[in-house]
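Coordinate inspection notes
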Amino acid sequence: MKYQYVVILKKDGERATDLLSILLCFCSAVIFGYTQLKSDHPNIYLYAFTALILAGLIYNIVIRRNSAIDRRGRKPVRYKYLILLTALGWFGMPFFPWIGIIFLLLAFLEHQAKRPLEIGFDRDRIVINTLIRKRHDWSVFNNVLLRDGLLTLDFKNNRLLQKEVAEDEEEEDDVDEEEFNAYCRDRLTSATA
């Protein structure tokens, strides 16, 4: 769907998501290796997964973090493939193979956690692009305001959503705050009429 305005909000939890991904993958690799060292019948499958996971962690932490950069000044690092690899490793474990299902879910959630949160403004509604899209008619808002890089959605049910807008230096066609606020005022008055 084409929106009149799209506002991209700043993400805050990327560092915590990365640390959790590193910790889960590293601990799993240690468990895989330890299990094979203590086993009477070592499994080359788990040795390979241990080596691949540790190599992937080193690659992501050392090499990718110091390589090419994005708009914010650093390269986005994704751990979903390592988490998927870890899930496959858990499926090959002699105990608790169901943990692999949890890692499959975590790989999906890691991707969702790093996606930018976008809010689309259309003639009829406002759509918040989360895991499950939330659609709100203009009539449920008291006010919608963008000021000093802060987007405020004031709902009529006394709920308030206030988030910082992501900075995008490469965009030359950034919308003027006054133009956006005038559009929102117009849509709010049309919705109440």
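The rules behind the values
- Residues numbered from 1 in each chain as written.
- Predicted model: local features only at pLDDT ≥ 70, side-chain atom pairs only at ≥ 80, totals over all residues.
- Heavy atoms only, no water.
- Pairing = 2+ DSSP bridges.
- Helix = DSSP H or I, 4+ residues; strand = E, 2+ residues; numbered from the N terminus.
- Axes fitted to C-alpha atoms, helices over the stretch in contact; angles between N-to-C directions.
- Contact = heavy atoms within 4.5 Å.
- Buried < 20%, exposed > 50% of the residue type's maximum accessible area, 1.4 Å probe, protein only.

Okay, the sheet that holds strand β6 (residues 150-155) next. On the basis of which strands lie adjacent, the open sheet formed by three strands has the order β5-β6-β7 and antiparallel pairing. Two strands bound the open sheet, and with one partner strand each, they are β5 (141-147) and β7 (160-164). Each adjacent strand pair in this sheet contributes to an overall mean axis angle of 5°, direction not counted. Here β6 pairs with β7 via five bridges, running antiparallel. Within β7, the position partnered with Leu153 by the bridge is Leu161. Packed onto the sheet, helix α5 (residues 177-192) meets β5 and β6 and runs at close to 175° relative to β5.

The next point concerns unusual backbone geometry. Across residues other than glycine, the phi torsion is negative in most instances, and most of the peptide bonds are trans. Even without a glycine there, the phi angle at Asp148 is positive, about 55°. Note that Asp148 resides in the loop between β5 and β6. When its relative accessible area of 72% is taken as the criterion, Asp148 is described as exposed. For Asn158, which is not a glycine, the phi torsion comes out positive at approximately 65°. Using a relative accessible area of 74% as the deciding quantity, one classes Asn158 as exposed.

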